[in-house]
Amino acid sequence: MDVKTAIETRRAYRSLKKMEITQDIIDTLGNAASLAPSCFNYQPWRFIFVYEERLLKHLFTALTSSNQTWATKASMIIVAFAKKEDDCIIDRDEYNREYYLFDIGQAVSYLVLQATELELVAHPIAGYNPNLVHEILSIPTNYNVITLIIVGKKNSNLEFLSDKQRKTEIERPARLPINKIVFHNRFMEN
Ligand SMILES: Cc1cc2nc3c(=O)[nH]c(=O)nc-3n(C[C@H](O)[C@H](O)[C@H](O)COP(=O)(O)O)c2cc1C
């Protein structure tokens, strides 16, 4: 699959069905994430691939109730976490730039696109209780749990989704017009 196709194929689907998680899948996704660029090659990203049934069920309890309606069909949750001290902090001017969030975001994108090529759904979420995630997975408190990536196979049966969820399953949520986000040569108020 070429990059353009992977970008266009990737969706935050919610209709999932169970699949087998193999060492090969974990290696392929972990390797893709590790090849992302980072400031000074600091690689602040850390990932826990949670697929053991008992732990996965426990992790489901940390999801918000609206995410529990669909994400509990996941076969794996990848927990992405990082701490700011592990990456560039540039504060020599009036702008304080902490790059760990930017860099883990890039690594997550690589992982998600790689998952797309493997014909997997990899749906990042922010709706979870981070304290519970820390506790369940024994993640030290100085790390920030940035996202949980819900992994499964796409299910064509949409009956367990809400009307709103069903709509976005079929139709990609609208994007801003390109002229709102892309400028030529100089910033323009629009
Ligand atoms: C940081 C982040 C947090 C998100 N949190 C949630 C979430 O808690 N629950 C959910 O159902 N989707 C969540 N999403 C998915 C977005 O709603 C989805 O990416 C967006 O609507 C665009 O749809 P698309 O990815 O299919 O193009 C999140 C996505 C990102 C990147």
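Structure shown above.
Residues numbered from 1 in each chain as written. Predicted model: local features only at pLDDT ≥ 70, side-chain atom pairs only at ≥ 80, totals over all residues. Heavy atoms only, no water.

### Comments concerning the packing of aromatic side chains
Right, on to step 1. Throughout the structure, instances matching the rule amount to 4 aromatic pairs.
Right, on to step 2. Their ring planes at 80 degrees and their centres at 5.3 Å tell us that Phe 81 and Tyr 143 sit as a pair that is edge-to-face. Taken together, the residues span a long stretch of sequence, with Phe 81 in strand E3 (residues 76–82) and Tyr 143 in the loop between helix H6 (130–137) and strand E7 (144–154) at a distance of 62 residues.
Right, on to step 3. For Phe 81, a relative accessible area of 8% translates into the label buried.
Right, on to step 4. Between Phe 183 and Phe 187 the ring centres are 5.2 Å apart and the planes differ by 50 degrees, which places this aromatic pair in the tilted class.
Right, on to step 5. You can call Phe 183 partly exposed: its relative accessible area is 33%.
Right, on to step 6. The exposed category is assigned to Phe 187, whose relative accessible area is 58%. (Phe/Tyr/Trp six-rings, centres within 6.5 Å; stacked < 30°, edge-to-face > 60°. Helix = DSSP H or I, 4+ residues; strand = E, 2+ residues; numbered from the N terminus. Buried < 20%, exposed > 50% of the residue type's maximum accessible area, 1.4 Å probe, protein only.)

### Considerations on the site of the ligand
Right, on to step 1. Looking at the ligand, there are 14 residues lining it, with Arg 11, Ala 12, Arg 14, Asn 67 and Arg 172 nearest.
Right, on to step 2. Arg 11 is positioned with one of its side-chain polar atoms (N or O) 2.6 Å from an oxygen atom of the ligand.
Right, on to step 3. The separation between an oxygen atom of the ligand and a polar side-chain atom of Arg 172 is 2.8 Å.
Right, on to step 4. Looking at the shell around the ligand, the elements with two or more residues in it are helix H4 (65–71) and strand E6 (121–125).
Right, on to step 5. Of all the elements, E6 adds the most residues to the shell around the ligand, at 3 residues.
Right, on to step 6. Along the lines of polarity and charge, the residues of the shell around the ligand split into 6 nonpolar, 3 polar and 5 charged. (Near = heavy atom within 4 Å. Polar contact = N/O pair within 3.5 Å; in protein donor to acceptor, adjacent residues only side chain to side chain. Nonpolar A, V, L, I, M, F, W, Y, C, P; charged D, E, K, R; others polar.)

### Here we look at the pattern of salt bridges
Right, on to step 1. Taken as a whole and assessed by the stated rule, the structure comprises 7 salt bridges.
Right, on to step 2. Between Asp 86 and Lys 83 there is a salt bridge, and its shortest N-O distance comes to 3.0 Å. Note on accessibility: Asp 86 and Lys 83 belong to one class, buried.
Right, on to step 3. Across the salt bridge formed by Lys 84 and Glu 98, the nearest N and O atoms sit 3.5 Å from each other. With Lys 84 in the loop between E3 and strand E4 (89–90) and Glu 98 in strand E5 (residues 97–98), this residue pair connects regions lying 14 residues apart in the sequence.
Right, on to step 4. For Lys 84, a relative accessible area of 32% translates into the label partly exposed. (Salt bridge = Lys/Arg side-chain N within 4 Å of Asp/Glu carboxyl O.)

### Focus: unusual backbone geometry
Glycine aside, residues mostly have negative phi, and peptide bonds are mostly found in the trans state.
Right, on to step 1. With a phi angle near 55 degrees, Phe 40 is a residue other than glycine that sits in the positive phi range.
Right, on to step 2. By the secondary structure assignment, Phe 40 is in the loop between helix H2 (23–34) and strand E2 (46–50).
Right, on to step 3. Even without a glycine there, the phi angle at Gln 43 is positive, about 50 degrees.
Right, on to step 4. Among the structural elements, Gln 43 can be located in the loop between H2 and E2.
Right, on to step 5. A relative accessible area of 31% places Gln 43 in the partly exposed class.

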